[in-house]
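# Residue-level structural notes
For reference, the chains in residue letters:
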Amino acid sequence: MVIDAHLHLNPEVDGTAIGAANELSRQMKDAGITNAIVLQLQFQPWSIEEVAIALSPHSNIRAFVNLHPDEEDVFSKLEYSIKHLNYVGLKLHPRLQEFDLGSASCARLVKKAGELNIPVLIDAFPDGTHLMQGFSPLTYAKLAAECFDTRIIWAHMGGHYVLDFMMLAKRLPNVYMDCSYSLLYYLNSPTVKNMVYAMKSMKMDRIFYGSDYPDREIKESLDLSCKVLREEGITESELSKLLYNNANIFFNQTK
Ligand SMILES: [Zn+2]
């Protein structure tokens, strides 16, 4: 049993959200993925309603809604998405959405998510653009400390800042991470060893698997990730925590 806790709809399938959702479901079956969390994205060509409708026939796929902290009526949009469109979390992408993760409006929105008892996934991949925007692990940590009642997922484990993110996560019990994208992006580099070190150091707790599809096909990502992790000494029981148990508990948990 495997949960893919970080993927997206692919706009290239046939251009429709329904076509993208069906293709996602097909690839999940092919890869043996039992459940998945789709992250809706504002820059994709569909509304939050279209994505919700496209995913509604697939009971094993849930979604996080992507909102901008400074957009008008953001609190009511979040509530509407959770209560009426069946979204189960909030996705924030400070790099692509170009907002300041340290701003008061961002903290207010993340706190609001905690009040609604939904988790917030924040992109934490330090590519060149993000670094030039002032990417800093400290901004992530300060936000998580301020919003201690909100469960927060740092996506991509902070990339090559993984050791900093790990040290911070150890002081922040409301923080979780996913290993999507980074594990395969940094293939054959010391960052992979650091990621595995961080996983083991955290006793394989609070870390989820994700493919970040459509960056890679779902099965290719799963097979390659498992191969790399086994080669780096991750045991089968550690692997099952990463691939299933941690996410299963997290996504079925109510406060
Ligand atoms: Zn992603």
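To keep things clear, this report deals only with the structure shown in the data block. (Residues numbered from 1 in each chain as written. Predicted model: local features only at pLDDT ≥ 70, side-chain atom pairs only at ≥ 80, totals over all residues. Heavy atoms only, no water.)

In this structure, Tyr 161 sits in the loop between strand S6 (152-155) and helix H8 (162-169). According to the relative accessible area criterion, Tyr 161 is partly exposed, its value standing at 25%. As a C-alpha pair, Tyr 161 and Leu 138 span 23 residues in sequence and 11 Å in three-dimensional space. When residues no more than four places from it in sequence are discounted, the contact partners of Tyr 161 are Pro 126, Leu 131, Phe 135 and Pro 137. (Helix = DSSP H or I, 4+ residues; strand = E, 2+ residues; numbered from the N terminus. Buried < 20%, exposed > 50% of the residue type's maximum accessible area, 1.4 Å probe, protein only. Contact = heavy atoms within 4.5 Å.)

On to the coordination of the zinc ion, then. The coordination sphere of the zinc ion contains the protein donors His 6 (NE2), His 8 (NE2) and Asp 212 (OD), at a distance range of 2.1 to 2.2 Å. All donors of the zinc ion belong to a single chain; written as a sequence motif, their spacing is H-x1-H-x203-D. The burial state of His 6 is the same as that of His 8; both residues are buried. (Donors = N, O, S within 2.8 Å, 3.2 Å for Na, K, Ca; no water.)

Once that is clear, we can look at the packing of helix H11 (residues 218-231) against helix H12 (residues 236-251). It is the contact of H11 with H12, at a shortest axis distance of 11 Å, that shows an interaxial angle of 140°. Comparing their axes, H12 and H11 come out oblique. Along this stretch, H11 crosses H12, giving a crossing that reads as right-handed. Listed contacts from H12 to Leu 222, Cys 226, Leu 229 and Arg 230 of H11 are Glu 236, Leu 239, Leu 242 and Leu 243. Tallied by class, residues from the contact of H11 with H12 come to six nonpolar, no polar and two charged. (Axes fitted to C-alpha atoms, helices over the stretch in contact; angles between N-to-C directions. Parallel < 35°, antiparallel > 145°, perpendicular 65-115°, else oblique. Left-handed = near helix turned anticlockwise from the far one by under 90°. Nonpolar A, V, L, I, M, F, W, Y, C, P; charged D, E, K, R; others polar.)

An order of S1-S2-S3-S4-S5-S6-S7-S8 is seen for the eight strands of this open sheet, with the pairing classed as parallel. Edge strands, defined here as strands with exactly one partner in the open sheet, are strand S1 (3-7) and strand S8 (207-208). In this structure, S1 lies alongside strand S2 (residues 35-39), joined through three bridges in parallel fashion. Pairing of Asp 4 across the sheet is with Ala 36, part of S2. (Pairing = 2+ DSSP bridges.)

Counting buried positions along S2 yields four of five residues, so the element is predominantly enclosed. Between S1 and its parallel partner S2, the chain crosses via helix H1 (residues 17-31), and the hand of that crossover is right-handed. In this structure, S2 lies alongside strand S3 (residues 61-66), joined through four bridges in parallel fashion. Each bridged residue has a counterpart across the sheet, and for Val 38 the counterpart in S3 is Ala 63. (Right-handed = clockwise from strand over helix to strand, strands pointing away.)

This part takes up the packing of aromatic side chains. Applying the stated rule across the entire model yields 17 aromatic pairs. A ring pair is formed by Phe 208 and Phe 251, whose centres lie 5.8 Å apart and whose planes are at 45°; its orientation type is tilted. Of this pair, Phe 208 sits in strand S8 while Phe 251 sits in helix H12, and the two are 43 residues apart along the sequence. (Phe/Tyr/Trp six-rings, centres within 6.5 Å; stacked < 30°, edge-to-face > 60°.)

Here the focus is H11. Along its 14 residues, H11 runs 20 Å from first to last C-alpha, staying within 8% of the 20 Å computed at 1.5 Å per residue. Every buried residue of H11 is listed here: Ile 218, Ser 221, Leu 222, Ser 225, Cys 226, Val 228 and Leu 229. Taken down its axis, H11 places every buried residue within 165° of arc, on the same side. For H11, the elements touching its buried residues are S1, H1, helix H9 (182-185), helix H10 (190-201) and H12. Just beyond H11, the residue with positive phi is Gly 233, at close to 95°. (Expected span 1.5 Å × (residues − 1). Arc of directions from axis to C-beta.)

Our next topic: the side chain of Gln 40. Structurally, Gln 40 is set in the loop between S2 and helix H2 (48-55). Assessed through its relative accessible area of 4%, Gln 40 is described here as buried. A polar contact is formed between the side chain of Gln 40 and the backbone nitrogen of Asn 66, at a distance of 2.7 Å. (Polar contact = N/O pair within 3.5 Å; in protein donor to acceptor, adjacent residues only side chain to side chain.)

Note that every value here comes from positions in space, so none of it alone points to a role or purpose.
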